[in-house]
Amino acid sequence: MARWCYRHRLVVLVLWVGALFGLGAAGTSAGTDYSNVFSLPDTDSKQAYDLMTKAFPRSSGDTDTVVWRSSGDVGPVTDTAVRSRIEPVLKEIAGMRGVGEVVGPYYAKNAAQISRDGRTAFAQITFTDQANEVPKDLVRKVVDTAQGAERDGLQVELGGQAITRIQEPPTGVSEVVGIAAAAVVLFLAFGSLFAMLLPIVVAIMGVGSGMMATMLLSHVTNVPEVAPLLGSLIGLGVGIDYALFIVTRHRRGIQRGLEPEESAVRALNTSGRAVLFAGGTVCIALAGMLVMNLRFLDGVVIATSLTVVLSVLAAVTLLPALLGLLGPRVLSRKQRRRLAGAGPDPAEASGPAARWSAYVQERPRSIAAMALVVMAVLALPVLSLRLGATDQGNNQESTTTRQAYDLLAEGFGPGFNGPLQVVVPGGADTTELVRTIRATDDVAQAAAAPPAGGITVIQVVPRTSPQSVGTDRLIDRLRDDVIPEAGVEAHVGGVTAVFKDFASVTGDRLPYFVGAIIGLGFLLLLIAFRSLVVPLTAALMNLIAAAASFGVLVAVFQWGWGTEFLGIGKEGPITAFLPVIMLSLLFGLSMDYQVFLVSRMHEEWVHTGDNARAVRVGLAETSRVINCAALIMICVFSAFVLSGDMEGAMAGIGLAAAVALDAFILRTALVPAAMHLLGRSNWWLPGWLEGRLPHLAVKPAESPAGPNESTGPDGSTGPDGSTGPDKNTGFDKNTEHIKAAEPETSGTGGATVIHGFLRTADGDPLAGASVTLVSRGGRQLDRVTSIADGSYIVSVPAPGAYILAVTARGLASRAHHVTVGGGPLVYDVELTDDGAGLVK
């Protein structure tokens, strides 16, 4: 597929541009229909919500609030001087097109809308549409009209969901800032303008398509408003990173003497496969959110997974087409001149990454200890983690919504911003229940509305704020003590109660979710690397990274450390659904880095059987690109602090911290140090399990030798350039040597396979044997191990002549020439103690 996209680059480019503009036109025409469904089945707040919906059908529009307060020489809000300024404004707002109703305080039945000290009052504005559908021009006109009544001693502020929309920065600000920061990192890493643009173009195409598709899906399923933000956040991160891995491998291939087309094909067949595996793990991790059985998260799973899938698709189809357009210009002019003058680069890694890798090998105990101490210190705040919900009281102090929130809290009490509704069905007498609730600790006021449809609603205003622990305790006290003692059926609802139930359910189900994604990651790595210790280490590292990143999140957003510097508003509880989303994304991203790091170590281990060398080489060759990818992720995620959305800021800071800790401390220091200490145990797998695991080629091995070196099937070279022995496979001087001087045939057709069965001389299936496919030029193309029934299958990039090597412990090994046509080739192999003969 990579070769086809490379050669038909204009077709691929036209298809992608057409798809993006087509989805954009459809999405713009259809608009959005996002909906936040926080209600949970089998919870008390959900039962209260259902009863209220039945008795009091919800208004079709969003309800917002105008709050005003008089101070100084200005009299109370009931004075003629204040009323003469406020009432005309309210009347003008009521006459605006798109405003359904305005309920002011200057009527006897609405006297409760004036505070006891007479200094604060509010009016409720009901629009004809929901908040996300109210035109911003109308919202701005309402705000300007209301605040036009201000004067010295009279403050007017507005709050509500529709009002929040005009406080948001222009759409795409955080994305643009993140992309700009990523561009700087890419240019410093590549030194080439064209190479810098490649990952950005690929990510924009993937994320843009994902966002447009999410807009369309919002009309057929419940997609929350935060889902597109999270989708673009993770899509930009993985889109740029995946393209970075492939472009880096492609540039390395050209610098080592390959033609651009062959380098691109090989990059897609190696790093491209790893990208597919990594993208799949991210989607599986996101799908793990479904274990929570929370309707609100279903739309998040859809938006984020769809964006990741399209980002991966762009990386493996659009990117090779763009590589074909650029050709050798993917290198900078300086690099092209050096390649022409000095020849291909050596295969051995060098520079700071290699020196750091050697340092880790020399001092694994001290480095592991230091890394663990740092992570433990950062994880300490997680012990005080409290889940809840953000509201407009967490907005920045300069916003009108935050000031309206504060004015209402000051004039009517902190609990006025989050009243509770006690819903009593069946027409029961609520007089005694109301009296008991009023006498309950932490209750500021309680009043019953006239019954409707046999249902009575008691409005309860707590003394504490909606985010306070005291309000949570009040809800529990009403449910567990007050209502049962009154002897009536009643349910506690309201936005505050819904968010509390949401946090409780999330906290109860979180351990099952963590167990599911950790177990899934263990199985994937077990199959990929055929080791028990590697996936166990990865699972432990994921838990350490999660604890440390949540510690940072608690310190910043719950304790308020640095909130003023970051400009993200007032501290408060951590949004209840955020741990689920963060753990999903963290698991997927950690798996990405683990796969890219350990796959190179595993490749070297298979070649040499030397764990110390495998870990050193793997870290030296991958740490730079992993750290560069992480730096890009950090830039993209941190930019979402500018999104104007508290949940987006939390996710951005939390994920940026998680990626930084995971890449710079865990994958660069703790993981390699631990693997040095564990030694050969890293690659241990019980024999009984080996034969039962399917084979999963995450990343086909590529010979570390350069194009001018002579290599054997194991990738090793002798001092004279001849093939040396392989410790694992047992190749010796009697094996047919593979010379680099032989012409290499790549063919012009598509990829295919060689498959068959391995048998002993007695006809028994041979499990655990190694089958290696090597090009005529000496590159190892694929390597697999036969499974329990003796079957094997190796990937062939294109028709042509190759060498197939079959080895097994205790049996002689030979390498034989094979010619592959346009379709799969069947080879059944019989191994004996004195040689190997091809049956077919």
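Our structure's up above, just so we're on the same page.
About the criteria used
Residues numbered from 1 in each chain as written. Predicted model: local features only at pLDDT ≥ 70, side-chain atom pairs only at ≥ 80, totals over all residues. Heavy atoms only, no water. Helix = DSSP H or I, 4+ residues; strand = E, 2+ residues; numbered from the N terminus. Buried < 20%, exposed > 50% of the residue type's maximum accessible area, 1.4 Å probe, protein only. Contact = heavy atoms within 4.5 Å. Areas by Shrake-Rupley, 256 points an atom, 1.4 Å probe, with all protein chains shown as cover. Patch = residues over 30% accessible without salt bridge, like charges linked within 9 Å, V, L, I, M, F, W, Y side chains within 5 Å. Salt bridge = Lys/Arg side-chain N within 4 Å of Asp/Glu carboxyl O. Arc of directions from axis to C-beta. Pairing = 2+ DSSP bridges. Axes fitted to C-alpha atoms, helices over the stretch in contact; angles between N-to-C directions. Core = buried A, V, L, I, M, F, W, Y, C linked by side-chain atoms within 4.5 Å. Lys, Arg positive; Asp, Glu negative; His and termini not counted. Charge placed at Lys NZ, Arg CZ, Asp CG, Glu CD.

**Things to note about the overall build of the chain**
Phase 1: Across its full length, the chain carries 24 helices and 19 strands.
Phase 2: Expressed as a percentage of its 840 residues, the buried residues of the chain come to 57%.
Phase 3: The long-range share in the chain, meaning contacts at least 24 apart out of those at least 6 apart in sequence, stands at 76%.
Phase 4: Put simply, the chain shows about 34,200 Å² of open surface, and 58% of that area lies on carbon and sulfur atoms.

**A closer look at a nonpolar patch on the surface**
Phase 1: A cluster of nonpolar side chains, namely Val184, Phe187, Leu188, Leu193, Phe194, Leu197 and Val201, defines an oily patch on the protein surface of about 630 Å² accessible area.
Phase 2: Where the nonpolar patch is concerned, the elements lending two or more residues are helix 7 (173-190) and helix 8 (193-217).
Phase 3: At four residues, the largest contribution of residues to the nonpolar patch is made by helix 8.

**Considering unusual backbone geometry**
Phase 1: Unlike most non-glycine residues, Asp442 shows phi in positive territory, near 70°.
Phase 2: Along the polypeptide, Asp442 turns up in the loop between helix 16 (431-438) and strand 7 (443-448).

**Here's the deal with helix 16**
Phase 1: Every buried residue belonging to helix 16 is among Leu433, Val434 and Ile437, and all of these are buried. Along the axis of helix 16, the buried residues cluster in a sector spanning 100°; they form a single face. More than 90 degrees from the buried face of helix 16, the exposed residues found are Thr431 and Arg438.
Phase 2: For helix 16, the elements touching its buried residues are strand 6 (420-424), strand 7, strand 8 (456-462) and helix 17 (469-486).

**What to know about the sheet that holds strand 4 (residues 154-159)**
Phase 1: Reading across the sheet, the four strands line up as 2-3-1-4 and stay open at both edges, with antiparallel pairing between neighbours. Either end of the sheet is taken by a strand with one partner, and the two such strands are strand 2 (99-103) and strand 4. On average, each strand axis in the sheet is inclined to that of its neighbour by 20°, with strand direction left out of account.
Phase 2: Strand direction decides the pairing type here: strand 1 (residues 63-70) and strand 4, joined by six bridges, are antiparallel. Note that in strand 4 the partner of Ser70 across the bridge is Leu154.
Phase 3: Contacts from helix 4 (residues 80-94) reach strand 1, strand 2, strand 3 (120-127) and strand 4 within the one sheet, and its direction differs from that of strand 2 by about 155°.
Phase 4: Lying on the sheet, helix 5 (residues 136-147) is in contact with strand 1, strand 2, strand 3 and strand 4; it crosses strand 4 at an angle near 160°.

**Digging into the environment of Gly507**
Phase 1: With respect to the element layout, Gly507 can be found in helix 18 (residues 495-529).
Phase 2: With 70 residues separating them along the chain, Gly507 and Phe577 place their C-alpha atoms 9.4 Å apart.

**Notes on the nonpolar core**
Phase 1: Core analysis: the biggest nonpolar cluster contains 159 residues, and Met289, Leu297, Phe557, Tyr593, Ile632 and Phe637 have the highest contact counts within it.
Phase 2: With sequence-adjacent residues up to four places away left out, Phe637 is seen in contact with Leu233, Ile234, Leu589, Gly652, Leu655, Ala656 and Val659.
Phase 3: One finds Val82, Leu90, Leu158 and Ala162 within the second-largest nonpolar core, a separate group that totals 31 residues.

**Regarding a positive patch on the surface**
Phase 1: A cluster of basic residues, Arg333, Lys334, Arg337 and Arg338, forms a positive patch at the surface.
Phase 2: Looking at where Arg337 falls in the secondary structure, it is placed in helix 12 (residues 333-342).
Phase 3: Under the relative-accessibility criterion, Arg337 is labelled exposed at 57%.

**Observations regarding the environment of Leu420**
Phase 1: The residue Leu420 is located in strand 6 in this model.
Phase 2: What makes Leu420 buried here is its relative accessible area of 0%.
Phase 3: Beyond its immediate sequence surroundings of up to four residues, Leu420 is in contact with Ile458, Gln459, Val460, Pro462, Leu474, Ile475, Leu478, Val492, Gly493, Thr496 and Ala497.

**Details of the pairing of strand 1**
Phase 1: Among the eight residues of strand 1, seven are classified as buried, and the element is accordingly described as predominantly covered.
Phase 2: Here strand 1 pairs with strand 3 via seven bridges, running antiparallel. Residue Thr63 lies in a different strand from strand 3, and its bridge partner there is Thr126.

**Considering the pattern of salt bridges**
Phase 1: In total, this model carries 16 salt bridges according to the counting rule given.
Phase 2: Its salt-bridge partner being Glu262, residue Arg3 comes within 3.7 Å of it at the nearest N-O pair. Residue Arg3 is located in helix 1 (residues 2-7), and its partner Glu262 is located in helix 10 (residues 260-287); the two are separated by 259 residues in the primary sequence.
Phase 3: Classification of Arg3 as buried rests on a relative accessible area of 11%.
Phase 4: Salt-bridge contacts for Asp662 lead to Arg667; the nearest nitrogen and oxygen are separated by 2.9 Å. The same class applies to Asp662 and to Arg667, which are both buried.

**Points about the environment of Ser795**
Phase 1: Relative to the helices and strands, Ser795 is located in strand 14 (residues 791-796).
Phase 2: The partly exposed category is assigned to Ser795, whose relative accessible area is 24%.
Phase 3: The spatial distance from the C-alpha of Ser795 to the C-alpha of Thr752 is 6.2 Å, given a sequence separation of 43 residues.

**Side note on the pairing of strand 15 (residues 800-808)**
Phase 1: Taking burial as the measure, the nine residues of strand 15 include nine buried ones, the bulk of the element.
Phase 2: Both strand 12 (residues 770-775) and strand 15 contribute to a ladder of six bridges, which runs antiparallel. Residue Thr772 lies in a different strand from strand 15, and its bridge partner there is Ala805.

**So, the sheet that holds strand 6**
Phase 1: What the four strands build is an open sheet, ordered 7-8-6-9; its pairing is antiparallel. The sheet terminates laterally at strand 7 and strand 9 (491-493), the two strands that pair on one side only. If you compare each strand with its neighbour and ignore which way they point, the axes differ by 25° on average.
Phase 2: Alignment of strand 7 against strand 8, held across five bridges, turns out to be antiparallel. Paired with Ala446 across the bridge in strand 8 is Val460.
Phase 3: Lying on the sheet, helix 16 is in contact with strand 6, strand 7 and strand 8; it crosses strand 7 at an angle near 165°.

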